[in-house]
Structure formats: structure tokens, C-alpha cells
Amino acid sequence: MSGRKWSSDPIIQEDLERIADSEIIDWEALRGKRILVTGATGLIGSIVACSLICASVKRSMDIRVAALVRSPEKAKGMLGAFLNDGLELVVGDILSPLAVDGPVDYILHGASVTTSKDFVDHPVETILTTLKGTEHLLELARQKQVKGMVYLSSMEAYGEPDPRDYVELQKESDRGEFLGKRQTRYDSEQNAQDWLTGVVPVGSSAQAGGSENNLARNESVQKDASATAADGNAQTGSTQAKRAQIGSTEIRSTQPGHKAAILRETNYGYIDPLKVRSSYSEGKRMAEGLCAAYAQEYHVPVKVARLAQTFGAGIPKTENRVFAQFAHSIMEGTDIVLHTDGSKAHCYCYTTDAVLGLLTILLRGENGEAYNVSNEETYSTIRGMAEMLVEKYPQSGSSLVFDIPEDANQYGYAPTSQMLICSEKLRKLGWKAQVGLPEMFERLMRSME
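Reading guide: rules and limits
- Residues numbered from 1 in each chain as written.
- Predicted model: local features only at pLDDT ≥ 70, side-chain atom pairs only at ≥ 80, totals over all residues.
- Heavy atoms only, no water.
- Helix = DSSP H or I, 4+ residues; strand = E, 2+ residues; numbered from the N terminus.
- Buried < 20%, exposed > 50% of the residue type's maximum accessible area, 1.4 Å probe, protein only.
- Contact = heavy atoms within 4.5 Å.
- Areas by Shrake-Rupley, 256 points an atom, 1.4 Å probe, with all protein chains shown as cover.
- Core = buried A, V, L, I, M, F, W, Y, C linked by side-chain atoms within 4.5 Å.
- pLDDT = per-residue confidence, 0-100.
- Pairing = 2+ DSSP bridges.
- Right-handed = clockwise from strand over helix to strand, strands pointing away.
- Axes fitted to C-alpha atoms, helices over the stretch in contact; angles between N-to-C directions.
- Salt bridge = Lys/Arg side-chain N within 4 Å of Asp/Glu carboxyl O.
- Expected span 1.5 Å × (residues − 1).
- Parallel < 35°, antiparallel > 145°, perpendicular 65-115°, else oblique.
- Left-handed = near helix turned anticlockwise from the far one by under 90°.
- Nonpolar A, V, L, I, M, F, W, Y, C, P; charged D, E, K, R; others polar.
- Polar contact = N/O pair within 3.5 Å; in protein donor to acceptor, adjacent residues only side chain to side chain.

Student: I'm lost on the overall build of the protein chain in this one. Help?
Tutor: The helix and strand inventory of the protein chain stands at 13 helices and 17 strands. Within the protein chain, the proportion of its 449 residues that are buried is 50%. Taking the contacts inside the protein chain whose residues are at least 6 apart along the sequence as the reference set, 82% of them involve residues at least 24 apart. Carbon together with sulfur atoms contributes 48% to the accessible area of the protein chain, which is approximately 19900 Å² in total.

Student: Could you clarify how one ought to interpret the nonpolar core in this entry?
Tutor: Side chains that are nonpolar tend, in soluble globular proteins, to be buried together. Grouped together as the largest cluster of nonpolar side chains are 75 residues, with contacts concentrated most on Trp27, Phe326, Leu358, Val373 and Phe441. Top element by residues in this core is helix α2 (residues 43-59). It accounts for ten residues. Setting aside residues up to four positions removed in sequence, valine 373 forms contacts with Ala305, Arg306, Leu307, Ala308, Cys349, Ala354, Ile361, Ser423, Leu426 and Trp431. Grouped together as the second largest cluster of nonpolar side chains are 25 residues, Leu68, Leu98, Val104 and Ala295 included.

Student: Would you mind going over unusual backbone geometry with me for this structure?
Tutor: Most of the time, phi is negative for any residue but glycine, and the peptide bond is trans. A positive phi angle, near 55°, is found at serine 60, a position not held by glycine. With respect to the helices, strands and loops of the structure, serine 60 is situated in the loop between α2 and β2 (64-69). The exposure class assigned to serine 60 is exposed, which follows from its relative accessible area of 55%. For histidine 299, which is not glycine, the phi torsion reads 60° and is therefore positive. The residue histidine 299 is located in the loop between α8 (278-297) and β10 (302-307) in this model.

Student: Looking at this model, I keep getting lost on helix α9 (residues 322-332). Mind explaining?
Tutor: It helps to recall that an α-helix has 3.6 residues per turn; residues three or four apart then point in one direction. Buried within α9 we find Phe323, Ala324, Phe326, Ala327, Ser329 and Ile330. Lining the buried residues of α9 we find β11 (309-311), β12 (336-338), α11 (382-392) and α13 (437-448).

Student: Sorry, what's going on with the confidence of the model for the protein chain here?
Tutor: Detailed reading of the predicted model is not advised wherever pLDDT is low. On average, residues of the protein chain score 83 in pLDDT, and 78% of them reach the 70 mark or higher. Contacts of residues 171-254 to residues separated by more than four positions or lying in other chains number 141 contacts, the stretch itself having pLDDT below 50.

Student: How should I be thinking about the environment of histidine 346 in this particular structure?
Tutor: With respect to the element layout, histidine 346 can be found in strand β13 (residues 345-350). Assessed through its relative accessible area of 3%, histidine 346 is described here as buried. Histidine 346 sits 35 residues away from threonine 381 along the chain, and the two C-alpha atoms are 6.6 Å apart. Beyond its immediate stretch of four places on either side in the chain, histidine 346 contacts Met155, Gln309, Thr378, Tyr379, Ser380 and Met419.

Student: Help me understand the pairing of strand β3 (residues 87-91), please; the structure alone is not making it clear to me.
Tutor: Along any regular strand the residues' side chains alternate between the sheet's two faces. In this structure, β2 lies alongside β3, joined through five bridges in parallel fashion. For valine 65, the partnering residue across the bridge sits in β3 and is leucine 87. Assessed by its sense of winding, the connection that carries the chain from β2 through helix α3 (residues 72-79) to β3 is right-handed.

Student: Honestly, the sheet that holds strand β1 (residues 34-38) in this entry has me stumped. Any pointers?
Tutor: Pairing is parallel in the open sheet, where seven strands are placed in the order β3-β2-β1-β4-β5-β10-β14. The open sheet has two free edges, formed respectively by β3 and β14 (370-373), since each of these has just one partner strand. Adjacent strand axes in the sheet meet at a mean angle of 20°, parallel and antiparallel pairs treated alike.

Student: Please explain the pattern of salt bridges as it appears in this structure.
Tutor: Side-chain pairs of opposite charge can arise where the charged atoms are in close proximity. Per the counting criterion, the structure on display carries 19 salt bridges. Ionic pairing is found between glutamate 369 and lysine 425, a salt bridge with its closest N-O pair at 2.6 Å. On the criterion of sequence distance, the pair formed by glutamate 369 in the loop between α10 (351-364) and β14 and lysine 425 in helix α12 (residues 424-427) is long-range, its members being 56 residues apart. Residue glutamate 369 is classed as partly exposed on the basis of its relative accessible area of 33%.

Student: I tried to follow α8 on my own but got confused; where do I start?
Tutor: For α8, spanning 20 residues, the distance from its first C-alpha to its last is 28 Å, which sits close to the expected 28 Å at 1.5 Å a residue. Buried-residue contacts for α8 involve α4 (116-121), α5 (123-144), β5 (148-154) and β10. One or two positions beyond α8, positive phi appears at histidine 299, with a value near 60°.

Student: What exactly am I supposed to notice about the packing of α2 against α10 here?
Tutor: For any two helices packed against each other, the geometry comes down to the angle between their axes and how far apart the axes lie. Two elements in contact, α2 and α10, have axes separated by 10 Å at closest approach and are oriented at 70°. Judged by the angle between their axes, α2 and α10 are roughly perpendicular. α10 is crossed by α2, and the crossing has right-handed handedness. Residues Leu43, Ile44, Ile47, Val48, Ser51 and Leu52 of α2 form the contact with α10, whose own contacting residues are Thr351, Val355, Leu358 and Leu359. For the contact of α2 with α10, the residue count by class is eight nonpolar, two polar and no charged.

Student: Explain the environment of aspartate 162 here, please?
Tutor: Tracing the backbone shows aspartate 162 in the loop between β5 and β6 (166-171). Remark: the alpha-carbon pair of aspartate 162 and tyrosine 270, spanning 108 residues in sequence, is separated by 7.0 Å. Polar side-chain contacts of aspartate 162 include one of 2.8 Å to the backbone nitrogen of arginine 164.

Student: Whenever I open this one, the sheet that holds β11 confuses me. Can you help?
Tutor: In a beta sheet, neighbouring strands are held together by backbone hydrogen bonds and run either parallel or antiparallel to one another. Overall, mixed pairing links the three strands, which are arranged β11-β13-β15 in an open sheet. The open sheet is flanked by β11 and β15 (375-381), the only strands paired with a single partner. Strand-to-strand, the axes of this sheet are offset by a mean angle of 40°, without reference to chain direction. As judged from the three bridges shared by β11 and β13, these two strands associate in the parallel manner. When the bridges of β13 are listed, glutamine 309 appears paired with tyrosine 348. The strands touched by α13 are β11, β13 and β15; relative to β13, the strand with the most contacts, the crossing angle is about 55°.

This is how it looks when you write it as C-alpha cells:
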């Protein structure tokens, strides 16, 4: 502990200390550096900015953070405790070309429209904020010759998963969890074999099994992959789009026979560009393409972080996404009301895990590459998450009820899908999610008290 009180919220204080204490980050690489953070008054951006200053003070690193903000008054209210320790406010709008005085060594670009209803009500602004904002940050990175940049994208960039990426999840004996076998598609049989080498399944059971169990499992998986590839050759006469059965991962579901799409960084789905709700997902996907273009043509050292839905201590009081609504209902003792059947399912990530993931990508990621930032063990349907909270907090008196309108599109909900976002690529850089879904809600609600 640094002994410095940064926040009156004890949960935020613990979170900042946890990031500053982490040994997976090469803090020496940030010594004396200046880091520009956009979206610095948002949930993730503010935790990034504050944790960097916390680490700088604790470790005597002389890290300086330039927080790009539109409203200095709002920023001072959120970040004021850090202004005398290396944090500075840079007032500007990413929709205009940026002029930032002095050197910039690293950039974390998190500014974005984040409210689902705005994607529908203000699709033009959603698209332009994403594309023009990212262009301006990439140009700044190019001019300043930064050492690294991370663009914060979203799991929504995957769109609606390819049906071939769905697998059926089989119920495991006498445990309320489901075991699914992951499948993916490859450009060649050799790529499948390369990926299979050294596969470590997700979750604590993989580590508990030991290297001998993992080796045996990998040998078995490779045999399955070879058989599948052989079948594919017999059917198609080519090595394109091979199917491979790879490893296993424990996930949560509400029903036996539940299907989920297992998505790694190359498993892109479908986005309808003519649907207004696609303003966000299509914009994110195009911004990723712009990052790749700048990396290739101008050698800008930019990487992409595709974040699962991230939440934790410090969410704004106006936050209205499903996790915040659920938390408020439990705390207020009111019913959790779903306006859909709750079958949509995906992964989540706690703020501290997300920030550590972003810093890992910034310092260790490959330029022009994308990395999923997701805790696979949090995979849950919306309904399953609501049921978990009702069961975990019976004293609240909350129940789960359904009120499904005729036109649910008015709420700006993303298309119903079941996406298990795989973070194995990021784990290979040394990162691992630590906070599970029940603890995420526990910390969130303690912070909201």
C-alpha cells in the first residue's frame, strides 16, 4: 500500500492500489513518460489515468498523464485529487484535429459514444465520433512518433457470429456449470496445428490438471483436429476453412443444450450496415481497419483492444446499462425487469482486469494486432446473471420479471447472440483476469452504497 488516500470510495482505492501493485506490468518502460488518455472522464479512461498516477507515486516513476477532456469542470470533479501528482487536463474534442503541446510517448484512446440508445437516436454522431476521433488520434500518434498506442474497441466489432462458430454446451455432472468444446476455423491445416501446440484450457481446472493432463488433452485434441481436417478434405477437396476441435472451457448457462459462439480475434461475424443500430459496431470495425492501415502505411505502433462489457466501482450515477440496472434493483429491493427473453449471453470484465489488460497490450502487444480483453469465466446469459443476483441476495426481496414490448428495438439493444470471447491471445502476454462475476457485482454495489 502507498499510504496515500486517493479516493473516498474504499473500493476504488483498493482497485487503484491493485493496479499499482501489479507485477505483470513493465512499469520501468513507463518511467518518465507522458501518456495521453482520451475518454478520461469515462469509467475505463478515468481508472487508467488515476491508476497510472497512483503507480507513479507509489513507485517514484515520474509518469505524467495528459487527460484529454471536453469539460474541465467535470474532469476536476473526478480527477482533482491527482492534478498535483503528474496528471494534467488537456481540453479538446476528438472531432477536431488535436494540438497537444510537448512530447507524447503513449496514447490510450478510449473516447467513444457508449449509450445504446444514442446508437439509434444519434447514429451520425456515433459514427463520426468513432471514425474522425480515431483518425485524429492516429495522426497525433504519427506526428508525435509515439512508442505505443492502444485503441479501445469492443466485442460488438464481431457483429452477429457466424453460425459455424456456435457449439453446443453439454452439462457437466453434478455441477451447475456447462462444459463446451471450442471450435474454430483456420486458413490452413498447418495453422490449426500451430494453434493447438501448447493449448491451455481456460479456468483453474486447467492448472490443477498439471502438465501431464494438459499434454494428454492436447494430444487428444490434435487427433480430433486431424480427423476433422481429413473429413473436410474429403468433402471439399481443399484445406480452406478447416474445422478443429480445440480444448475445453467451463462456462455458465441456464439450460442444457445452450449454444455459444467461441470467438477468437479472427472469428468475424455479420454486421448489417443499413441497420441504424450498427452505427456503433460498424464504426468500431472501421476504426480498427484505420488503425491497421496506419500501422502498415505509416508504421504507427497501434494495437487494438476488444473489450468485453466492462464494469466495476466508479460507474457514473447516470449509468443505465443492464449491469447497473440489476445492481440498483438489488440495492433498492425492487424487481429486476427484463425487456427481452434474456437469452443474449456474453462475457464481462472487471475494471481493474481491463486496465491491466490495456497496459499489457500497450507495452507487449504486436503492432497492428487485436487482442480480446475478456474474462471467459464470467460468461452468462442476461437471464442467468439476473437469476444469480436474485439467488445471491435473497434479503433484497427482488424477483425476476419479464416485460417484453412489441418493439424492443426502441431500446437500442444489440442483436441477440451468445458470444464467448476468448482471451487466450492476451493471456500469452502474461495477463489473466482475476475477478469473477459475483465479485464484480459485490464490489460494484459496495461502491454504489
